[in-house]
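Coordinate inspection notes
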Amino acid sequence: MKKIALRDFQSEDIALFKNWLYKPHVAKWYHEPMDWLEEVRKKDDEFNFLHHFIVLAADEPIGFCQYYEYCHSGEIWHGDLDIDGTFSVDYLIGDTEYLGKGIGKRMVQLLIEKVMMHKNAKRIIVQPELQNKASCNTLLSCGFSFDTKNAIFIMEA
């Protein structure tokens, strides 16, 4: 497998990210692509709590991922979990050549490492659509468990 790495998202990456968001295998799960694009365009302003990355395979951009401290997002899908110290992640492989090769698992592992570097990190929660079996299986293979009560995947620090 090619070496997988994350690099900070740059403004020059927006066109590539937009292309990925409209590919059928991504668009199926990433609804509202304009919202995603607004977040990266305003990453240094109102969305500065998001940490965006381009995923590289042997220095070639193949995907996108991000992590964020959940309490800053305004989201409310955490159920009854304490949001103090809670983070979440999102990830996608844009280049179809890299689907089904274990790259999603490596991406999530790299995101976990970045989140756990935060002193206040207590847990990571993720809520992929349950029909997205590839994403759900990736999370399980990375050590997340499925919280049936709250219908989310969780990993405690």
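Everything below is about the structure shown above.
Structural notes, computed from the coordinates. (Residues numbered from 1 in each chain as written. Predicted model: local features only at pLDDT ≥ 70, side-chain atom pairs only at ≥ 80, totals over all residues. Heavy atoms only, no water.)

This next bit is on the overall build of the chain. Counting its regular elements, the chain contains five helices and seven strands. From first element to last, N terminus to C terminus, the chain shows the α and β order β-α-α-α-β-β-β-α-β-α-β-β. The C-alpha radius of gyration of the chain comes to 15 Å, within 12% of the 15 Å expected for a compact globule of 157 residues. Based on the C-alpha atoms only, the size of the chain along its principal axes is roughly 40 × 35 × 30 Å. For the chain, the exposed surface amounts to about 8,300 Å²; the carbon and sulfur share of it is 51%. The centroid of the 18 positive side-chain charges in the chain is displaced by 6 Å from the centroid of its 24 negative side-chain charges. (Helix = DSSP H or I, 4+ residues; strand = E, 2+ residues; numbered from the N terminus. Rg over C-alpha atoms; globule rule 2.2 N^0.38 Å. Areas by Shrake-Rupley, 256 points an atom, 1.4 Å probe, with all protein chains shown as cover. Lys, Arg positive; Asp, Glu negative; His and termini not counted. Charge placed at Lys NZ, Arg CZ, Asp CG, Glu CD.)

Note on placement: Ser145 falls in strand S6 (residues 145-147). Classification of Ser145 as partly exposed rests on a relative accessible area of 38%. Distance in space between the C-alpha atoms of Ser145 and Gln109 is 15 Å, their sequence separation being 36 residues. Not counting the four nearest positions on each side in its chain, Ser145 is found in contact with Leu140, Ile152, Phe153 and Ile154. (Buried < 20%, exposed > 50% of the residue type's maximum accessible area, 1.4 Å probe, protein only. Contact = heavy atoms within 4.5 Å.)

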